[in-house]
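Remarks on the overall topology
Here's the letter readout for the chains.
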Amino acid sequence: PGAEDVVVTVTQMGWKDPIVLKILQTESTRIRFSVLTDGEDFTWVGQIVGKDWFEGKTDDDIYKEDFNYYSSAAYDANLSLGDYLKTIINKGSYETLEYKGLDPDSDYVLYVYGVTYEGERTTDVYSVEARTQPPYEGPVKFDVAVTETDNIMDITITPDHDGVAYYWNIMDRATYDEY
């Protein structure tokens, strides 16, 4: 008296990460990336930090430090935390985002996690490491735009390549001619 052999088939959906974070390009002072979410109503926040800061922190550590910062920023902006969060929380996927103003030749960690408008974390922290390129050392051209209103000069200098260190100053013509 033995049991009859029975074949049971179980079908289920496979696990899909709610967030996929991908570095698209690194430059001397900029990192371009994408954040793909599981649905266009998915809400999340992200940061970029130095790799040294990130190492050894748990998801809870990161969340607590972020929300201490967000609470302080809300206070400084004279907003409730909920109103402040509405200004920084992202919704859905973004094919191309960027952080700029970074230090050349430096290690960073870009991280994101799901969060509600009430500030509740809804996912693990997803992270990816990136290193910015060394400073650009090739030829550079500058666009200099000058406007004057009531003897006040507004000067905007734009190099044709990001990540270029440069210095500028203004002097009278006589001083310039001495050089």
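All of the points below concern the structure found in this document. Computed from a predicted model, the values in this text were never measured in an experiment. (Residues numbered from 1 in each chain as written. Predicted model: local features only at pLDDT ≥ 70, side-chain atom pairs only at ≥ 80, totals over all residues. Heavy atoms only, no water.)

Taken together, Phe142, Val144, Val146, Met153, Tyr166, Trp168 and Ile170 make up a surface patch of nonpolar side chains, about 690 Å² in accessible area. Sorting elements by how many residues they give to the nonpolar patch places strand E8 (residues 142–149) first, with 3 residues. You can see Met153 is positioned in strand E9 (residues 152–159). (Patch = residues over 30% accessible without salt bridge, like charges linked within 9 Å, V, L, I, M, F, W, Y side chains within 5 Å. Areas by Shrake-Rupley, 256 points an atom, 1.4 Å probe, with all protein chains shown as cover. Salt bridge = Lys/Arg side-chain N within 4 Å of Asp/Glu carboxyl O. Helix = DSSP H or I, 4+ residues; strand = E, 2+ residues; numbered from the N terminus.)

A few words on helix H2 (residues 59–76). For H2, which comprises 18 residues, the first-to-last C-alpha distance of 26 Å matches the rise-based estimate of 26 Å (1.5 Å per residue) to within 8%. All of the buried residues in H2 are Ile62, Asp66, Phe67, Tyr70, Ala73 and Ala74. Here the buried residues of H2 occupy an arc of 120 degrees about the axis, which is enough to place them on one side. Looking at H2, the residues exposed on the side facing more than 90 degrees away from the buried face are Lys64, Asn68, Tyr75 and Asp76. Considering only its buried residues, H2 is in contact with strand E3 (43–50), helix H1 (51–54), helix H3 (81–88) and strand E6 (107–114). Immediately beyond the C-terminal end of H2, within one or two residues, lies Asn78, with a positive phi of roughly 60 degrees. (Expected span 1.5 Å × (residues − 1). Buried < 20%, exposed > 50% of the residue type's maximum accessible area, 1.4 Å probe, protein only. Arc of directions from axis to C-beta. Contact = heavy atoms within 4.5 Å.)

Before going further, it helps to examine the sheet that holds strand E5 (residues 94–100). Here we have 3 strands laid out as an open sheet, ordered E1-E2-E5, and antiparallel in their pairing. If you trace the sheet from one side to the other, it starts and ends with strand E1 (19–26) and E5, each paired once. Across this sheet, the average inter-strand angle for adjacent strands is 30 degrees, counted without regard to direction. Relative to strand E2 (residues 30–37), E1 runs antiparallel, the two sharing 7 bridges. Residue pairing in the sheet places Val20 in a bridge with Leu36 of E2. (Pairing = 2+ DSSP bridges. Axes fitted to C-alpha atoms, helices over the stretch in contact; angles between N-to-C directions.)

The next point concerns the pattern of salt bridges. As a working rule, side chains carrying opposite charge can pair if their charged atoms are close by. Counted by the stated rule, this structure contains 15 salt bridges. The salt bridge partner of Glu98 is Arg32, with a shortest N-O separation of 3.2 Å. Taken together, the positions of Glu98 in strand E5 and Arg32 in strand E2 put the pair 66 residues apart, joining distant regions of the chain. The exposure class of Glu98 is partly exposed, given its relative accessible area of 31%.

Shape is all these values report; function is a separate question.
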